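Here are the chains, one letter per residue:
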Amino acid sequence: MKKRVVITGFGLVSPLGCDVESVWKRLVEGASGVTRLDDPERSIFRSKVAAQCLDFSPVPYIEIKDVKKIDRFAQFAYVSGIRAVEASGLDFTRENPFRCASIIGCGVGGLGEIERQDDKLANSGPNRVSPFTIPKIMPNAASSHLAIRYGIHGPSYSVSTACASANNAMIDAFKMIRDGEVDVALTGGAEAAVSRLGLAGFAAMRALSERNDEPEKASRPFDADRDGFVIGEGAGVLVFEELEHAKRRGAEILGEFLGYGCTTDASHITQPDSDGVYAGAALDSCLRSACLEPSQIDYINAHGTATALGDVAEVNAIKRAFGNSAKSVSISSTKSAIGHLLGGSGGVEMIFSLLAIRDGVIPPTLNLERPDPQCDLDFTPLYAKEKRVDRIISSSFGFGGHNACVVASRFWE
């Protein structure tokens, strides 16, 4: 018999802050976490805007002596995971450690550390390269540090499917609990790629916004004047539990994970299928796995990166999967406020979607001042709106053609 999977806690690190409630408040009020890059090392590129976690500190969650041993992306996941566990009230000392999992998505791992150690190798020789290099850059460091923290002896690994990484990680966690393999999973995603190499690589592809004089207006999903995405950083980690396990310990249930859909474009390494055929198939599969009709979805947290091709492809995908319901479903892209967290996006966006259910509020798509005529759906422009939300879909479409959509709902007995 398939188990029901619920969410009992979550934590995040984002360009709008690190406290869930204050971040949510700022998001709904229309705040932007995008700023101009003014430091000499990173302001040399055509794109000079990014969404950084400027107020983040790993202390006291990580001792000062250990901070240098853990890359920034893994620090984000570690702090988010601890806060998620605290919020859930879960006590891992009371759990069977072999029935717990840690599955965290990450697109590129310790990119900044790769740069630093490569500089040392080139300028000072191999003896100056840090012995912590490999443990810091490996994408599975995030899941491993959380497993060590909580003594998790069940599955622990990283999922790397570019911008779909966090959604794919949550899907794996869902399947393990649904199928009775584990009772509890820490899952989500993390990324810290606002580095010279990250900026240079995406800038070379002409994928980044160059609206440098108005950084807070640079991320413009579905707007006619969009010119690329804003690279961001951060993490979102959630506690997934088997329903009866959560009920036995009296946990507050924040939502239920209902299903998923995954497909691959298999057409181009970076460009999405412009007609949205395969992304639409992922959305359709997502609905079918949850036994839902399109009309039952109240909100879609869109991938919505503000690239010329990607936004239109996503609109086409929604129209394919939702048919006549495409015009009535509320949609927004929270990347307009926090930038594109790459492999960390799905975790944070699932948290925002659950908060939309809790508070009955659709967060806005900032900077949507002149909608692209091809993007003619309800994208909640500029301002949040009140609406009862019972069921949501959160979509992530990654380089490589990876499409991963997840569906969650309010919890009902």
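This text follows the structure it describes.
Here is a short report on the structure shown in this document. Because the structure is predicted, anything quoted here is derived from the model rather than measured.

### Focus: the overall build of the protein chain
Within the protein chain, the secondary structure is distributed over 13 helices and 14 strands. Principal axes of the C-alpha set define a box for the protein chain whose edges measure 65 × 55 × 40 Å. The burial tally for the protein chain puts 60% of its 413 residues in the buried class. In the protein chain, the proportion of contacts linking residues at least 24 apart, taken out of those at least 6 apart, comes to 79%. When the accessible surface of the protein chain is split by element, carbon and sulfur atoms take 51% of a total near 15900 Å². Here the protein chain holds 44 positive side-chain charges and 52 negative ones, and the gap between their average locations is 2 Å.

### Observations regarding the packing of helix H7 (residues 165-178) against helix H13 (residues 345-359)
Orientation of H7 relative to H13, taken along the N-to-C sense of each, is 70 degrees, at an axis distance of 5 Å. Classified by the angle their axes make, H7 and H13 are roughly perpendicular. On H13, the residues that touch Ala166, Asn167 and Met170 of H7 are Gly346, Gly347 and Met350. Grouping the constituent residues of the contact of H7 with H13 by class yields three nonpolar, three polar and no charged.

### Quick notes on the sheet that holds strand E9 (residues 299-301)
Across the sheet, ten strands lie side by side as E5-E4-E6-E7-E1-E8-E14-E13-E9-E10; this open sheet has mixed pairing. Whereas interior strands pair on both sides, the edge strands pair on one side only; in this sheet they are strand E5 (156-159) and strand E10 (330-332). For this sheet, the mean inter-axis angle between neighbouring strands, taken without regard to orientation, is 25 degrees. Where strand E4 (residues 100-105) and strand E6 (residues 184-192) come together, six bridges link them in parallel fashion. Looking at the pairing, Cys100 lines up with Val184 of E6. Along the sheet, helix H6 (residues 141-150) contacts E4, E5 and E6; its crossing angle with E4, the most-contacted strand, is approximately 155 degrees.

### Quick notes on the nonpolar core
Grouped together as the largest cluster of nonpolar side chains are 47 residues, with contacts concentrated most on Phe10, Leu238, Phe240, Phe257, Met350, Phe352 and Leu354. A per-element tally of this core places H13 first, with eight residues. Residue contacts for Phe352: discarding those within four places in its chain leaves Leu12, Val23, Trp24, Leu27, Asn301, Thr334 and Ile338.

### Examining helix H3 (residues 72-88)
Between the first and last C-alpha of H3 there are 24 Å, a value that for 17 residues agrees with the 24 Å anticipated at 1.5 Å per step. Counted residue by residue, H3 has 13 buried out of 17 residues, so it is predominantly covered. The N-capping residue of H3, defined by a side-chain oxygen 3.2 Å from the backbone nitrogen of Phe73, is Asp71. A positive phi of about 75 degrees marks Gly89, the residue just after H3.

### A closer look at the pattern of salt bridges
Following the criterion strictly, the structure yields 39 salt bridges and no others. A salt bridge links Asp284 to Arg288, with the shortest nitrogen-to-oxygen separation between them at 3.0 Å. One end of the pair, Asp284, and the other, Arg288, are both in helix H10 (residues 277-289), four residues apart, so they sit about a helical turn from each other. Note on Asp284: relative accessible area 32%, which makes it partly exposed. Given the relative accessible area of 54%, Arg288 is considered exposed.

### Description of the environment of Pro221
Within the fold, Pro221 resides in the loop between helix H8 (196-204) and strand E7 (233-242). Its relative accessible area of 0% is what places Pro221 among the buried residues. In this structure, the C-alpha to C-alpha distance between Pro221 and Leu186, residues 35 residues apart in sequence, is 30 Å. When residues no more than four places from it in sequence are discounted, the contact partners of Pro221 are Gly304, Ala306, Asp311, Ser333, Ser336, Thr365, Leu366 and Leu368.

What counts, and at which threshold
- Residues numbered from 1 in each chain as written.
- Predicted model: local features only at pLDDT ≥ 70, side-chain atom pairs only at ≥ 80, totals over all residues.
- Heavy atoms only, no water.
- Helix = DSSP H or I, 4+ residues; strand = E, 2+ residues; numbered from the N terminus.
- Buried < 20%, exposed > 50% of the residue type's maximum accessible area, 1.4 Å probe, protein only.
- Contact = heavy atoms within 4.5 Å.
- Areas by Shrake-Rupley, 256 points an atom, 1.4 Å probe, with all protein chains shown as cover.
- Lys, Arg positive; Asp, Glu negative; His and termini not counted.
- Charge placed at Lys NZ, Arg CZ, Asp CG, Glu CD.
- Axes fitted to C-alpha atoms, helices over the stretch in contact; angles between N-to-C directions.
- Parallel < 35°, antiparallel > 145°, perpendicular 65-115°, else oblique.
- Nonpolar A, V, L, I, M, F, W, Y, C, P; charged D, E, K, R; others polar.
- Pairing = 2+ DSSP bridges.
- Core = buried A, V, L, I, M, F, W, Y, C linked by side-chain atoms within 4.5 Å.
- Expected span 1.5 Å × (residues − 1).
- Polar contact = N/O pair within 3.5 Å; in protein donor to acceptor, adjacent residues only side chain to side chain.
- Salt bridge = Lys/Arg side-chain N within 4 Å of Asp/Glu carboxyl O.

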